[in-house]
Amino acid sequence: LLEQIISAHPMGDGIGERYEFNMFQTLLDHRTGIAFPDSIDQGDTAMFDEFAAIYREMERSISPTASRVTNKALGLDARLPLISRVLPGSRALLLQRRPLDNLVSIFMNPINPGAIPWSCSLEGLIAGRRRFDRLVERWHEVLEIETLPLRYEDLVDDAEGRIREVLQFLGMDFDRSAVDFHESERVVMTPSWTQVSRPMNRDAVDRWRRYERHIGPLIEAFGE
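Residues numbered from 1 in each chain as written. Predicted model: local features only at pLDDT ≥ 70, side-chain atom pairs only at ≥ 80, totals over all residues. Heavy atoms only, no water.

*Asks:* Explain the packing of helix α5 (residues 99-107) against helix α6 (residues 122-142) to me, using residue names and the numbers behind them.
*Replies:* Running from N to C, α5 and α6 cross one another at 130°; their axes reach a closest spacing of 10 Å. Here α6 runs oblique to α5, going by the angle between their axes. In the packing of α5 onto α6, the handedness of the crossing is right-handed. Only L122, L125 and R129 of α6 make contact with α5, whose side of the interface consists of P99, N102, L103, I106 and F107. Looking at the contact of α5 with α6, its residues break down into six nonpolar, one polar and one charged. (Axes fitted to C-alpha atoms, helices over the stretch in contact; angles between N-to-C directions. Helix = DSSP H or I, 4+ residues; strand = E, 2+ residues; numbered from the N terminus. Parallel < 35°, antiparallel > 145°, perpendicular 65-115°, else oblique. Left-handed = near helix turned anticlockwise from the far one by under 90°. Contact = heavy atoms within 4.5 Å. Nonpolar A, V, L, I, M, F, W, Y, C, P; charged D, E, K, R; others polar.)

*Asks:* With reference to specific residues and values, describe the side chain of R79.
*Replies:* Considering the arrangement of structural elements, one finds R79 in the loop between β2 (68-70) and α4 (80-86). Despite being buried, R79 has no salt bridge partner; D77 is the closest side chain of opposite charge, sitting 6.2 Å away. Within the structure, R79 has its side chain in polar contact with the backbone oxygen of G75 (distance 3.1 Å). (Buried < 20%, exposed > 50% of the residue type's maximum accessible area, 1.4 Å probe, protein only. Lys, Arg positive; Asp, Glu negative; His and termini not counted. Salt bridge = Lys/Arg side-chain N within 4 Å of Asp/Glu carboxyl O. Polar contact = N/O pair within 3.5 Å; in protein donor to acceptor, adjacent residues only side chain to side chain.)

*Asks:* Explain unusual backbone geometry residue by residue, including any values.
*Replies:* Each neighbour pair has its own omega, and for F36 with P37 the value is 10°, a cis peptide bond. Tracing the sequence through the fold places P37 in the loop between α2 (20-32) and α3 (45-62). Positive phi, close to 60°, is recorded for D206, a residue that is not glycine. Checked against the element boundaries, D206 lands in the loop between α10 (193-196) and α11 (216-222).

*Asks:* Any chance you could break down the packing of α2 against α3 for me, citing the residues and the numbers?
*Replies:* Two elements in contact, α2 and α3, have axes separated by 11 Å at closest approach and are oriented at 160°. By the angle class used here, α2 and α3 are roughly antiparallel. Two packed elements cross with a definite hand, and for α2 against α3 that hand is right-handed. When α2 is examined against α3, the residues E20, F21, M23, F24, L27, L28 and R31 are found in contact with a partner set consisting of M47, F48, E50, F51, I54, Y55 and M58.

*Asks:* Give me the lowdown on the pattern of salt bridges, citing residues and values where you can.
*Replies:* In this structure the tally under the stated criterion is 17 salt bridges. For K72, the salt bridge identified is with E3, shortest N-O distance 3.1 Å. Of the two residues, K72 sits in the loop between β2 and α4 while E3 sits in helix α1 (residues 2-8), which places them 69 residues apart along the sequence. Using a relative accessible area of 8% as the deciding quantity, one classes E3 as buried.

*Asks:* Quick rundown of the layout of surface pockets? Include the residues and the values.
*Replies:* Over the atoms, a rolled probe matching the size of one water molecule traces out where space is still vacant. Reported here for the second largest pocket is a volume of approximately 260 Å³. Along the walls of the second largest pocket sit P37, D38, I40, D41, P81, S84, R85, W139, V142, L143 and E144, which together make up its complete lining. Where the lining of the second largest pocket is concerned, the elements lending two or more residues are α4 and α6. Ranked by the residues each element gives to the lining of the second largest pocket, the list is headed by α4, at three residues. (1 Å grid on protein atoms, 1.4 Å probe; cavity = no way out; pocket = protein on both sides within 12 Å on 5 of 7 lines; lining within 4 Å. Points joined across faces, edges and corners; volume = space filled by probe spheres on them.)

*Asks:* Outline α5, listing residues and values.
*Replies:* Most of α5 sits out of view: eight of its nine residues are buried. Within α5 the residues assigned to the buried category are P99, L100, D101, N102, L103, V104, S105 and I106. Buried-residue contacts for α5 involve α6 and α11.

*Asks:* Can you tell me about the packing of aromatic side chains, naming the residues and giving the values?
*Replies:* On inspection of all chains with the given rule, the structure shows three aromatic pairs. Taking 5.1 Å as the distance between ring centres and 80° as the angle between the ring planes, the aromatic pair formed by F21 and F24 counts as edge-to-face. Note that F21 and F24 are positioned in helix α2 at a spacing of three residues, about one turn of the helix. Each of the two residues, F21 as well as F24, counts as buried. Aromatic side chains F21 and Y55 sit 5.2 Å apart centroid to centroid with 55° between the ring planes, which places their arrangement in the tilted category. Highlighted residues: F21 in helix α2 and Y55 in helix α3, separated in sequence by 34 residues. The pair F21 / Y55 is uniform in exposure class, with both members buried. Taken together, the ring pairs connect F21, F24, F51 and Y55 into an aromatic cluster. Its guanidinium or amino end placed over the ring of F169, R91 lies 5.0 Å from that ring's centre, counting from NZ or CZ. (Phe/Tyr/Trp six-rings, centres within 6.5 Å; stacked < 30°, edge-to-face > 60°. Lys NZ or Arg CZ within 6 Å of the ring centre and 35° of its normal.)

What follows is the structure, encoded as structure tokens:
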């Protein structure tokens, strides 16, 4: 949703899910002989500059005119310390959603179990969400990258207000096209296409209640 909002702005674009930083992490670990994230402190400027050149060339090839480009790849939350070294000045949008709606949505969409095995069971979803929450808490304490926390429920309740906040955070002037994101002809290849093709709505808020009798472990862990 945020990717579509930013992409609808004349200055913005989205590159979908790009996994260059997975490769950078692997290379960093291999070259330093140390496991991530400790390997970050052993990387040198030349290495990070090399990674930055690769990433920026990829961005330019996909979005040659945009001045703000988003990447929504899964797992970038765990690589924010590396991103801040490779792309200083980057900013992170941390969109959070109520756990029960979040986890039901993940469980009901086909996600590669080989890449994300925890998404295939209720117990795994609980562990995955708790890990994410711990990670976010820790990153707020130590990250060198500017981060804007944003609640999904706040976004749908006050779309223009929250969109103005996001654009200001990214150094972008307000443009009505960001609010009218659903009018964009941009192709969306992920499950969110059903939402971003319509105006902002509350259909996904408290969606978990439709499946209440099937998600007992989730309710026990994150009951509201």
